[in-house]
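Residue-level structure breakdown
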Amino acid sequence: MKTILVLGAGQGGIVTARELSRHSGNEEDINLVKILVFEKEETNVYSPSLPWVMVGKSKQEEITERTDKLDASGLEVIKGEIENIDPKNIAVTVKGKQYKGDHMVVSLGVEQADVYNLDQFGFNFFTLKGAQDFYAELKKFEGGEIAILVSSLPFKSPAAPYEAAMLIEDFARKNNLPKNTTVSLYTPEAGPMEFASAEASQELRELLEKKGIKYYPNHELKAVSGSSLEFSNGKTYAFDLLAYTPMHQLPEVIKKSDLAGNSNWVDVDNKTLETKFVNVYAIGDITHVTTETGSVLPKIGVFARQQGAVVAHNISRKLANQKPDQTFIPEGKYFIESGEGKASETGGRFSATGKNDVKMKTPAQWGHFSKWWDEKFWFFKNF
């Protein structure tokens, strides 16, 4: 029986494992392929919903599920920290035990790290606890300067800080926070979602302005003191409540393996997602994927899901002694929450010509409902 190792049970890893089961011919009583999913976290968090947690619109039980409830024929979850990855021999070690496979899909996501001791001054809203703790502070906030900070580039879910700012502004207005309350967003980016089309980036900037959110692009963090942010352009701004994105980096176990590439991420074939090792693939946020013009794809969950589906399909073809016949095309849509029960559908194709056909629609209630439904369907389908 062939064995496939899936490293990480994030969105990409889950799609990979379930699609492998579907394509393999596995049934409840007959398993033709063994799928081992390795995950250190007991709880699976649906991260696109974390901005809702920041303003009390989602609770922990609504956006989490136990990892061991992952369900598909032939699938087994191995819990524990991965201690070693040997891509040459397609093997991983967990709790001192080595597992060997015929194919490997690495989907470990980014490792989050704090810079400038930010955890002493604010809340990392890219974690469930950080989002929950921020909301606890927001509920008793008595007015003042609320800062949303992008601490470094690149970061996953590039719309998340903008969603957070708009949802917090909405909360402040609805809860009649004092007139001196302001929401400011600081980022090293030249513009919001600058990887998208110039038109979509400008529309999001205008949406922020319309809501009275102060926007500070080209602001690279240099230091944080008790209640102020200092940037490399020499400017300093005070804050009373701070939410921030952490630094994103390769997991340590990848750094010490032969998978780490010159890009500081895992280099893959842009179409097949195969690494320099045969039958070893990498997908999602840890990868460095470029278009033909050399622009780097943003780290967005929709891409991880698509990559997982492509890789699973092609591995299944190989197992059946057929030629892989699918390639990854970077296109898709996602929803940006804008407050007031509305969200904007944003998406399109990241073109090889460098002209990204990414459009942002006017925020609408159906967009908010679509995002809510995506979350519900994700858990219904996978657990």
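Since this is a predicted model, take the numbers as computed values, not measurements.

Thresholds applied
- Residues numbered from 1 in each chain as written.
- Predicted model: local features only at pLDDT ≥ 70, side-chain atom pairs only at ≥ 80, totals over all residues.
- Heavy atoms only, no water.
- Phe/Tyr/Trp six-rings, centres within 6.5 Å; stacked < 30°, edge-to-face > 60°.
- Helix = DSSP H or I, 4+ residues; strand = E, 2+ residues; numbered from the N terminus.
- Buried < 20%, exposed > 50% of the residue type's maximum accessible area, 1.4 Å probe, protein only.
- Lys NZ or Arg CZ within 6 Å of the ring centre and 35° of its normal.
- Pairing = 2+ DSSP bridges.
- Axes fitted to C-alpha atoms, helices over the stretch in contact; angles between N-to-C directions.
- Patch = residues over 30% accessible without salt bridge, like charges linked within 9 Å, V, L, I, M, F, W, Y side chains within 5 Å.
- Areas by Shrake-Rupley, 256 points an atom, 1.4 Å probe, with all protein chains shown as cover.
- Salt bridge = Lys/Arg side-chain N within 4 Å of Asp/Glu carboxyl O.
- Lys, Arg positive; Asp, Glu negative; His and termini not counted.
- Charge placed at Lys NZ, Arg CZ, Asp CG, Glu CD.
- Parallel < 35°, antiparallel > 145°, perpendicular 65-115°, else oblique.
- Left-handed = near helix turned anticlockwise from the far one by under 90°.
- Contact = heavy atoms within 4.5 Å.
- Nonpolar A, V, L, I, M, F, W, Y, C, P; charged D, E, K, R; others polar.
- Domains from an automatic or database assignment.
- Polar contact = N/O pair within 3.5 Å; in protein donor to acceptor, adjacent residues only side chain to side chain.

On to the packing of aromatic side chains, then. Applying the stated criterion to the full structure yields 18 aromatic pairs. Both rings, one in Phe123 and one in Phe134, keep their centres 6.2 Å apart while their planes meet at 80 degrees; by these two values the pair is edge-to-face. In this pair, Phe123 is assigned in strand S11 (residues 123–124) and Phe134 in helix H4 (residues 128–139), connecting sequence segments eleven residues apart. The pair formed by Phe123 and Phe134 is uniform in burial state, with each residue classed as buried. With a centroid separation of 4.7 Å and 10 degrees between ring planes, the pair formed by Tyr186 and Tyr216 is classed as stacked. Remark: Tyr216 occurs in strand S14 (residues 214–216) and Tyr186 occurs in strand S13 (residues 182–186); sequence separation between them is 30 residues. There is no split in this pair, since Tyr186 and Tyr216 are both buried. Stacked on the ring of Trp265, the Lys or Arg Lys299 has its end atom at 3.9 Å from the ring centre. Above the face of the Trp52 ring, Lys371 is positioned so that its terminal group lies 5.8 Å from the ring centre.

Let us now look at the sheet that holds strand S16 (residues 228–231). Read across the sheet, three strands follow the order S15-S16-S17 without closing on themselves; strand pairing throughout is antiparallel. Here the strands that pair on one side only, and so sit at the sheet edges, are strand S15 (221–225) and strand S17 (236–238). Looking at each pair of strands side by side, their axes are set apart by 20 degrees on average, direction ignored. With three bridges joining them, S16 and S17 adopt antiparallel strand pairing. Across the sheet, Glu230 pairs through a bridge with Thr236, a residue of S17.

Take a negative patch on the surface next. Taken together, the side chains of Glu27, Glu28, Asp29 and Asp71 define an acidic patch exposed on the protein surface. Here Asp29 lies in the loop between helix H1 (11–24) and strand S2 (33–39). Overall, Asp29 belongs to the exposed group, its relative accessible area being 75%.

Their axes nearest at 8 Å, the elements H1 and helix H8 (residues 301–319) cross at an angle of 30 degrees. Compared by their axis directions, H1 and H8 come out roughly parallel. Handedness of the crossing formed by H1 with H8: right-handed. Where H1 abuts H8, its residues Gln11, Gly12, Val15, Thr16, Glu19, Leu20, His23 and Ser24 lie against Gly301, Ala304, Arg305, Gly308, Ala309, Ala312, His313, Ile315 and Ser316. For the contact of H1 with H8, the residue count by class is six nonpolar, nine polar and two charged.

This paragraph deals with the side chain of Thr346. Inspection of the secondary structure puts Thr346 in strand S24 (residues 342–349). Leaving out residues up to four positions away in the same chain, Thr346 has contacts with Met193, Gly332, Lys333, Tyr334, Ile336, Val358, Lys359 and Met360.

With that settled, consider the domain arrangement of the chain. Under the domain assignment, the chain is made up of domain 1 (2–110 + 250–320) and domain 2 (114–247). Inter-centroid distance (C-alpha atoms) of domain 1 to domain 2 is 30 Å. In this assembly, 17 residues from domain 1 lie in contact with 22 residues from domain 2. Along the contact surface separating domain 1 from domain 2 lie zero salt bridges. The interface formed by domain 1 and domain 2 includes two residue pairs in polar contact (both at pLDDT 80 or more). When contributions to the side of domain 1 that touches domain 2 are tallied by element, the ones reaching two or more residues are helix H2 (50–54) and helix H3 (60–63). The greatest single-element share of the side of domain 1 that touches domain 2, amounting to five residues, is contributed by H2. By residue class, the composition of the side of domain 1 that touches domain 2 is twelve nonpolar, three polar and two charged.

It is worth spelling out the pairing of S15 at this point. Where S15 lies against S16, four bridges are found, and the strand directions are antiparallel. The residue of S16 that forms the bridge with Ser225 is Ser228. Connecting the antiparallel pair S15 and S16 is a turn made up of two residues.

What follows deals with the sheet that holds strand S23 (residues 331–339). Read across the open sheet, the three strands follow the order S23-S24-S25; overall the sheet is antiparallel. Because the sheet does not close on itself, it has two edges, and the strands there are S23 and strand S25 (357–360). Averaged over neighbouring strand pairs, the angle between their axes works out to 15 degrees when direction is ignored. In the sheet, S23 pairs with S24 via eight bridges, with the strands oriented antiparallel. Of the residues in S24, the one forming a bridge with Glu331 is Arg349.

For the structure on display, the rule yields 19 salt bridges. Salt-bridge contacts for Lys79 lead to Asp68; the nearest nitrogen and oxygen are separated by 3.4 Å. Here the residue Lys79 occupies a position in strand S5 (residues 75–79), and Asp68 occupies one in the loop between strand S4 (64–66) and S5, the gap between them amounting to eleven residues. Across the salt bridge formed by Glu345 and Lys361, the nearest N and O atoms sit 3.7 Å from each other. Placement of Glu345 in strand S24 and of Lys361 in the loop between S25 and helix H9 (365–382) is noted, with a sequence separation of 16 residues between them. Of the residues examined, Glu345 reaches a relative accessible area of 15% and is grouped as buried. A relative accessible area of 46% means that Lys361 is categorised as partly exposed.

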